[in-house]
Amino acid sequence: VTQVPLTAGPAPRRHSVAVQVGKVRVGGDAPIVVQSMTNTDTEDAASTARQVAELARAGSELVRITVNTPAAAAAVPRIAERLAMMGVDVPLVGDFHYNGHQLLEREPACAEALAKYRINPGNVGFGAKRDTQFASIIEMALRYAKPVRIGVNWGSLDQSMLAALMDENAQRAEPWDASRVAREALIRSALESAAKAEEIGLERDRIILSCKVSGVQELIAVYRDLATRCDYALHLGLTEAGMGSKGITASSAALAVLLQEGIGDTIRISLTPEPGASRTGEVIVAQELLQTMGLRSFTPLVTACPGCGRTTSEFFQVLAKTVQEHVREQMPLWRVKYDGVENLTLAVMGCIVNGPGESKHANIGISLPGNGEAPAAPVFIDGEKAMTLRGDNIANEFVGILDDYVER
Ligand code: SF4
């Protein structure tokens, strides 16, 4: 039986070399960074700038955009200009596959406007051209003083690396299983590419690594291994996590284990959005994952009970939703006006069973009357009962009390 520590909290953060990505520091002792990616056509500078702005306002601290064609590369500086006009200051990361060396050479303004280049060693080129094309991108990073993320992905793994490892495995007295061979291929692809980049002259403080797979257990195993074999800053993400609750659950399960072990300097939650839905959902999930684990604070957290047979009216759910939405709507303004507001805790509880107790633990909490209880909702502020609300206007009154508290 593994000895589990009895103290609460994550393991000390793994040591990594910090990397400056525009104004954002990744790794070292910097806070774990939230990032996301657009799904607009980058050639459409207006739509892409709008979505980058939306993601940045939701809390994405880095935003990656696809750079796949000459027209997309030409649009990148225009996107940066539009963002500046909108007052949005967020580092843009260019996602390159197959032709990154050509696009960066052809569009110097794109190479300059991006804060980081993401390259996938499996998609840099094929055969004899691979090494020269990889070297070209690293030389561009050196010329423009930009960091790179060497991002290996299980879906586009370097097949020659995998074939070589399968041959190597066949020689072993006790061959590894296929999963371990694949993990080793991912890790070696990342580490050998990083070593090549260093040989060309890129310093370690300009290199971030990622090795993404779509299975929870494989991702944990890959990063645990990778983390012990280098001190590069690591970007975490479960690739192709899926839609809705499945994507959220799988990403949270995988990333929470790694973050708890001190592994990870920046994260992305790769959710497939519902058709027509905003892309910002993945940013909220990333923030909530870090905040509920106590690793960072972004917004006041609302604790709410699930409700049960003691709360048969919908009023309790409506109040919880009203409070949650109010906090999200107000946060952009609150963040600017009130230092530390992101550390507040709120409680919205359905009855007296756990209501007063949970409310006392929050900065501000309310316990609604459950079935058969007196029609009164005690409000607790900083652990003390401050007032009792009654009648049909409890939701608005509670939101008003919350606003006053924040202002004070
Ligand atoms: Fe049910 Fe009350 Fe517990 Fe909420 S606090 S889950 S309403 S018993």
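Let me sum up the structure you'll find in this document. No experiment lies behind these values; they were computed from the predicted model shown.

## Quick notes on the sheet that holds strand S13 (residues 301-304)
Part 1 of the argument: Taken in spatial order, the 5 strands line up as S13-S14-S15-S16-S17 in an open sheet, and their pairing is mixed. Two strands bound the open sheet, and with one partner strand each, they are S13 and strand S17 (384-389). For this sheet, the mean inter-axis angle between neighbouring strands, taken without regard to orientation, is 20 degrees.
Part 2 of the argument: Relative to strand S15 (residues 364-367), strand S14 (residues 345-349) runs parallel, the two sharing 4 bridges. Residue pairing for S15: Met349 is matched across the bridge by Ser367.

## Quick notes on helix H7 (residues 178-200)
Part 1 of the argument: Taking 1.5 Å of rise per residue, 23 residues should cover 33 Å, and H7 covers 33 Å from first to last C-alpha, within 8% of that figure.
Part 2 of the argument: Of the residues making up H7, those classed as buried are Val181, Ala182, Glu184, Ala185, Leu186, Ile187, Ser189, Ala190, Leu191, Ser193, Ala194 and Ala197.
Part 3 of the argument: Those residues of H7 that are buried lie in contact with helix H5 (129-143), strand S7 (148-153), helix H6 (159-170), strand S8 (207-212) and helix H8 (216-228).
Part 4 of the argument: Following H7 by one or two positions, Gly201 has its phi on the positive side, about 130 degrees.

## Remarks on the site of the ligand
Part 1 of the argument: Looking at the ligand, the residues that line it are Cys305, Gly307, Cys308, Arg310, Thr311, Gly350, Cys351, Val353 and Asn354.
Part 2 of the argument: Residue composition of the shell around the ligand, grouped by class: 4 nonpolar, 4 polar and 1 charged.

Scoring rules and cut-offs
- Residues numbered from 1 in each chain as written.
- Predicted model: local features only at pLDDT ≥ 70, side-chain atom pairs only at ≥ 80, totals over all residues.
- Heavy atoms only, no water.
- Pairing = 2+ DSSP bridges.
- Helix = DSSP H or I, 4+ residues; strand = E, 2+ residues; numbered from the N terminus.
- Axes fitted to C-alpha atoms, helices over the stretch in contact; angles between N-to-C directions.
- Expected span 1.5 Å × (residues − 1).
- Buried < 20%, exposed > 50% of the residue type's maximum accessible area, 1.4 Å probe, protein only.
- Contact = heavy atoms within 4.5 Å.
- Near = heavy atom within 4 Å.
- Nonpolar A, V, L, I, M, F, W, Y, C, P; charged D, E, K, R; others polar.

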